[in-house]
Amino acid sequence: MKIYAFEVREDELQDFENVKQRYNVEITTDSSRLDLDNIDKVKGYEAITILGHSYITREVADKLVENGVKYVSTRTIGYNHIDVQYAKEVGLKVSNSGYAPNGVAEYTVMLMLMTLRNYKASLYRGNCNDYSLKGLQGRELRNMTVGVIGTGRIGSCVIENLKGFGCKILAYDHAKKNTTTPGVKYAKLDELLRNSDIITLHTPLTDTTYHMINKRTLAKMKDGVIIINCARGELMDVDDVIEAIENQKIGGMGLDVFEKEEGIYHEDRRSDIISNKEMAYIRQFPNVVMTQHMAFYTDTAVSDMVDYGVKGLVDFAEKGTCDFKL
Ligand code: NAD
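Residues numbered from 1 in each chain as written. Predicted model: local features only at pLDDT ≥ 70, side-chain atom pairs only at ≥ 80, totals over all residues. Heavy atoms only, no water.

1. Focus: the nonpolar core
Worth spelling out the cut-off: Working definition of a nonpolar core: buried Ala, Val, Leu, Ile, Met, Phe, Trp, Tyr and Cys residues. They are joined through side-chain atoms within 4.5 Å. Summary of the burial criterion: residues with accessible area below 20% of their type's maximum are buried, those above 50% are exposed, and those between are partly exposed, where the area comes from a 1.4 Å probe applied to protein chains only. Secondary structure elements follow DSSP: runs of H or I no shorter than four residues count as helices, runs of E no shorter than two count as strands, and numbering proceeds from the N terminus. Any two residues whose heavy atoms approach within 4.5 Å are treated as being in contact.
Core analysis: the biggest nonpolar cluster contains 34 residues, and I213, I250, M253 and I282 have the highest contact counts within it. For this core, the elements supplying multiple residues, two or more each, are β7 (168-172), α7 (189-195), β9 (198-201), β10 (225-229), α9 (238-246), β11 (250-255), α10 (277-283) and β12 (288-290). Ranked by residue count, the leading element in this core is α9, at five residues. In contact with M253, not counting residues within four places along its chain, are T115, I227, M236, V241, I245, N287, V288 and V289.

Below, the structure is given as C-alpha cells:
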C-alpha cells in the first residue's frame, strides 16, 4: 500500500519509519499541508494521512477521488477539518485517531491548577524579581465543584484524574442522560452551569457545540467561574467571553485552543503582524493562561498518532473498516 503523509513534523519522522516496517507499507512524508494547489501529489497513492491543518472540503474530497485516493486518516482526535459526510458520499473512507486521552486529560488538570493558584501572574512577577504575595492567594481544588461537559474519552479521563483531588464532580453529556459513575453526578446542563466553580469543555466542535459558551450560558454560571478549554476554540463566543472577563463573571481561564488559531498556533510568528485582535486582547489578562494547542503533545501521543493514522488506512484496505472509522 502507498500512503502520502501530509503535515509531517520532524518529531514524527522516526515514528513514520517504524510504522513502515510494522505494517509493510510505502510512505512518502511531506511537511506541507494538503490543499488544492498541491493535491496532484497524491496521484498514485491510494491513501493519505493528515493532521488538523489540511482541510478536506468538498472540492478537496472530489479531487482526492479523481486522483485515485480511497482512504483518508487524520492523525488527530478532532475531525472538524474534514467534511466527513461529503467525503463518505463520494466514496472516501475516513478515520480519526484513537491515541490515549491521558495526556490531554493531565494537561486539563494542570490548567485548572495553574488558574486556581494564579500561576501566570506569579511566573511573570518572578521574571522581574517581584516575589510579593499580594493578589496571588489561590483556592484549593478539593473545595471546588468541577463541571465536565462532554464525557467521552478525554472528559472521562479528566474525571478519573479529578477524583484524587477530592473535589465534587458534575458531568453533562448529551448522549449519556442516565449514566451513573461512582463519584460523579450527571446533571442537566443548566444545573452544571449554575453549580460549578470550574467548567471544563471536552466535546467535539459540531453545529450543536459551536459557541456553547456564550452570553446566555455565561449568565447562568457562578460569579468568578473558571473555564478550561482544551477542546476547540470555536466552542466559545470570544466576544461574550471577553465581556465576561471584563465584568469579572469569569474569574479565570485556561485555554489551549482559540477560535481562528489556524496559521498562528504551531508556527513561529515572532516577526509577523498577527491579525487576531481577540487572541491578543485575551492573552493580556493576568487570570487567563493560554497555550498553543499542545495538550496532545507528548512522546507517547505523537507515536500513537502516527500508528493510528497508518493502521486505520491499512485496516480499511485489508478489512474494509477500522477501529476509528468516522
Ligand atoms: P469523544 O468523541 O470520545 O467524546 C466527546 C463527547 O462529547 C462524547 O461523549 C459526546 O457524546 C459528547 N458531546 C458531543 N456533543 C455534545 C453536546 N452538544 N453536549 C454535550 N456533550 C456532547 O472525544 P474525545 O476524544 O474525548 O475528544 C474531545 C475533543 O477534544 C475532540 O473532539 C477534540 O476537538 C479535542 N481535542 C483537543 C486536543 C488538544 O490538544 N487540545 C487533543 C485531542 C482532542
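2. With respect to the sheet that holds strand β1 (residues 2-5)
Quick reminder of the rule: Pairing between strands is defined by DSSP: at least two bridges between the two strands are required. In this analysis an axis means a line fitted to C-alpha atoms, helices contributing only their contacting stretch, and an angle means the value between N-to-C directions, from 0 to 180 degrees.
Reading across from one edge, β2-β1-β3-β4-β5 is the order of the five strands in this open sheet, with parallel pairing throughout. The sheet terminates laterally at β2 (26-29) and β5 (93-95), the two strands that pair on one side only. Direction aside, neighbouring strands of the sheet carry axes that sit 20 degrees apart on average. Sheet analysis places β1 next to β2, joined by four bridges and oriented parallel. Within β2, the residue paired with A5 across the bridge is T29. Set on the sheet, helix α1 (residues 13-23) makes contact with β1, β2 and β3 (47-50); between it and β2 the angle comes to about 165 degrees.

3. Looking at a nonpolar patch on the surface
This is how it is decided: To count toward a patch, a residue needs a relative accessible area above 30% and no salt bridge. Like charges then connect within 9 Å, nonpolar side chains (Val, Leu, Ile, Met, Phe, Trp, Tyr) within 5 Å. To measure how exposed things are, a 1.4 Å probe is used in the Shrake-Rupley method; for residues, cover is taken only from the protein chains shown. Basic side-chain nitrogens of Lys or Arg form a salt bridge, by our definition, when they fall within 4 Å of a carboxyl oxygen of Asp or Glu.
A contiguous nonpolar patch, built from Y119, L123 and Y124 and spanning about 320 Å² of accessible area, is present on the exposed surface. Among the secondary structure elements, Y119 is positioned in helix α5 (residues 119-127).

4. What to know about α9
For clarity, the cut-off: Polar contacts, as counted here, are pairs of nitrogen or oxygen atoms within 3.5 Å of one another; within protein the pair requires one atom able to donate a hydrogen and one able to accept it, and residues that are adjacent in sequence qualify only if both atoms are side-chain atoms.
Within the span of α9, buried status applies to V238, D240, V241, I242, A244 and I245. On its buried side, α9 packs onto α8 (215-220), β11, α10 and β12. The N-capping residue of α9, defined by a side-chain oxygen 3.1 Å from the backbone nitrogen of D239, is D237. The positive-phi residue at the C-terminal boundary of α9 is Q248, with phi of around 65 degrees.

5. Points about the environment of K177
Tracing the sequence through the fold places K177 in the loop between β7 and β8 (185-186). Of the residues examined, K177 reaches a relative accessible area of 59% and is grouped as exposed. As for K177 and K188, which are separated by eleven residues in sequence, their C-alpha atoms are 8.2 Å apart.

6. Here's the deal with helix α11 (residues 299-319)
Here is the rule: Helix span, as expected, comes to 1.5 Å for every residue beyond the first.
With 21 residues, α11 ought to run about 30 Å at 1.5 Å a step, and its terminal C-alpha atoms sit 29 Å apart, in line with that. Check the buried side of α11 and you find it contacts β1, α1, β2, β3, β4 (71-74) and β5. Where α11 terminates, the next one or two residues include G320, which has phi positive at roughly 85 degrees.

7. Some words on the sheet that holds β9
Across the sheet, which stays open at both edges, the seven strands sit in the order β8-β7-β6-β9-β10-β11-β12 with parallel pairing between neighbours. Of all strands in the sheet, those bounded by a partner on one side alone are β8 and β12. Alignment of strand β6 (residues 145-149) against β7, held across five bridges, turns out to be parallel. Within β7, the residue paired with V146 across the bridge is I169.

8. Some details on the packing of aromatic side chains
What counts, and what does not: Working definition: a ring pair exists when centres of Phe, Tyr or Trp rings (six-membered ring for Trp) sit within 6.5 Å. Plane angles under 30 degrees give stacked, over 60 give edge-to-face, the rest tilted. We call a charge positioned over a ring when the NZ of a Lys or the CZ of an Arg lies within 6 Å of the ring centre and within 35 degrees of the ring normal.
Following the criterion strictly, the structure yields six aromatic pairs and no others. Ring pairs connect the aromatic residues Y4, F6 and Y45, which therefore count as one cluster. A cation over an aromatic ring shows up here: K2 above the ring of Y45, its NZ or CZ 4.8 Å from the ring centre.

9. Thoughts on the pattern of salt bridges
All told, the structure shown has 20 salt bridges when counted by the stated rule. Between D190 and R194 there is a salt bridge, with the nearest N and O atoms lying 3.8 Å from each other. With a gap of four residues between them, D190 and R194 both fall in helix α7, about one helical turn apart. On the accessibility criterion, D190 (31% relative accessible area) is partly exposed.

10. Details of the packing of α1 against α11
Which entries qualify depends on this criterion: In this scheme the handedness of a crossing depends on how the near helix is turned from the far one: anticlockwise by less than a right angle means left-handed, clockwise means right-handed. Amino acid classes used here: Ala, Val, Leu, Ile, Met, Phe, Trp, Tyr, Cys and Pro are nonpolar; Asp, Glu, Lys and Arg are charged; the rest, including Gly, are polar.
At a minimum axis separation of 9 Å, α1 and α11 run at an interaxial angle of 35 degrees. Here the hand of the crossing between α1 and α11 comes out right-handed. Across the interface between the two elements, D15, F16, V19, R22 and Y23 of α1 pack against V302, S303, V306, D307, V310, K311 and V314 of α11. Class assignment of the residues belonging to the contact of α1 with α11 gives a composition of seven nonpolar, one polar and four charged.

11. Overview of the site of the ligand
This is how the line gets drawn: Near is defined per residue: the residue qualifies when any heavy atom it owns lies within 4 Å of the molecule or strand.
Neighbouring the ligand are 25 residues, the closest being R153, I154, D173, C230 and D256. T208 is positioned with one of its side-chain polar atoms (N or O) 3.3 Å from a nitrogen atom of the ligand. At a separation of 3.0 Å, a nitrogen atom of the ligand approaches a polar backbone atom of C230. For the shell around the ligand, the per-class residue count stands at eleven nonpolar, ten polar and four charged.

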